[in-house]
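# Residue-level structure breakdown
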Amino acid sequence: MTHIDGKLLDAIGRLWYRGKGLSAPVETVLMSPPKIRGWQRGEQLAWDEVYTCVRQDLYAFDAHVYEALDFYCPIPSCDCAEVNLHFEPVHPDGARSPGHVNVHLAGRIRLEPETHGDLTRLEQLWAAFCQRHPRYLERLSHRDTLIKATGERLVGPATAEPKVGRNDPCPCGSRKKYKKCCGA
């Protein structure tokens, strides 16, 4: 059985929008950025929170289905270049997230399982994601660029916030210390 890669699936999604006489989600957001409910400055943004998609990126293993959700730093001036790819159960009946994969856009990958026992499932999901998206770095880099392009309007101008200390968590949401991330 051959698999259709993610780039082709995305192209089919764009055709679906055109067939309905609608603008593609990316074009719509570039014209007028959405209001993200519950999002606060300092948190990463999920791609699907900003750019609604035609399809979910789903992976089935055993009796469970997981959705891949990619999270980005929306701050245009931040050069952390990291994406957090979470695998969340679609129907959490007994299933829980096995963790996430931290992808540095330079190519470094770090698997972060919720527990030691989740590592195998996280590795399986990551392998399935890489099979569906063989050029995943290109895909994630493109999405990072788009999130940052709309980030200024989403985040808005900085207000008089307290200064971030070197050892404080980075306000971009990467979960690193400021000195190891945006303050480097």
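Look up: the structure comes first, before these words.
Below: a short report on this structure. (Residues numbered from 1 in each chain as written. Predicted model: local features only at pLDDT ≥ 70, side-chain atom pairs only at ≥ 80, totals over all residues. Heavy atoms only, no water.)

## Quick look at the pairing of strand 4 (residues 82–89)
Of all 8 residues in strand 4, 7 are buried, a share of seventy percent or more. Inspection of the sheet shows strand 3 (residues 64–72) paired to strand 4 by 6 bridges, in the antiparallel sense. Bridge assignment links Leu 69 to a residue of strand 4, and that residue is His 86. Across 6 bridges, the pairing between strand 4 and strand 5 (residues 99–104) is antiparallel. By the bridge assignment for strand 5, Glu 82 is matched with His 104. (Buried < 20%, exposed > 50% of the residue type's maximum accessible area, 1.4 Å probe, protein only. Helix = DSSP H or I, 4+ residues; strand = E, 2+ residues; numbered from the N terminus. Pairing = 2+ DSSP bridges.)

## Observations concerning the pattern of salt bridges
What the rule picks out here adds up to 8 salt bridges. In this structure, Arg 132 and Asp 57 form a salt bridge, with 2.6 Å as the shortest nitrogen-oxygen distance. Taken together, the residues span a long stretch of sequence, with Arg 132 in helix 4 (residues 119–132) and Asp 57 in the loop between helix 3 (47–50) and strand 2 (58–61) at a distance of 75 residues. Note that Glu 82 is salt-bridged to Lys 176, the shortest N-O span being 2.5 Å. Here Glu 82 is found in strand 4, whereas its partner Lys 176 is found in the segment after helix 5 (136–155), with 94 residues between them in sequence. Look at Glu 82 and you get buried, because its relative accessible area is 3%. Judged by its relative accessible area of 26%, Lys 176 falls in the partly exposed class. (Salt bridge = Lys/Arg side-chain N within 4 Å of Asp/Glu carboxyl O.)

## Things to note about the pairing of strand 5
The buried count for strand 5 comes to 6 of 6 residues, which makes it a mostly enclosed element. Where burial is concerned, the two faces of strand 5 agree: the one with Gly 99, Val 101 and Val 103 and the one with His 100, Asn 102 and His 104 are both buried. Where strand 5 lies against strand 6 (residues 109–113), 5 bridges are found, and the strand directions are antiparallel. What sits directly across from Val 103, in strand 6, is Ile 109. The turn joining strand 5 and strand 6, which pair antiparallel and follow one another in sequence, is formed by 4 residues; a positive phi near 115° is taken by Gly 107.

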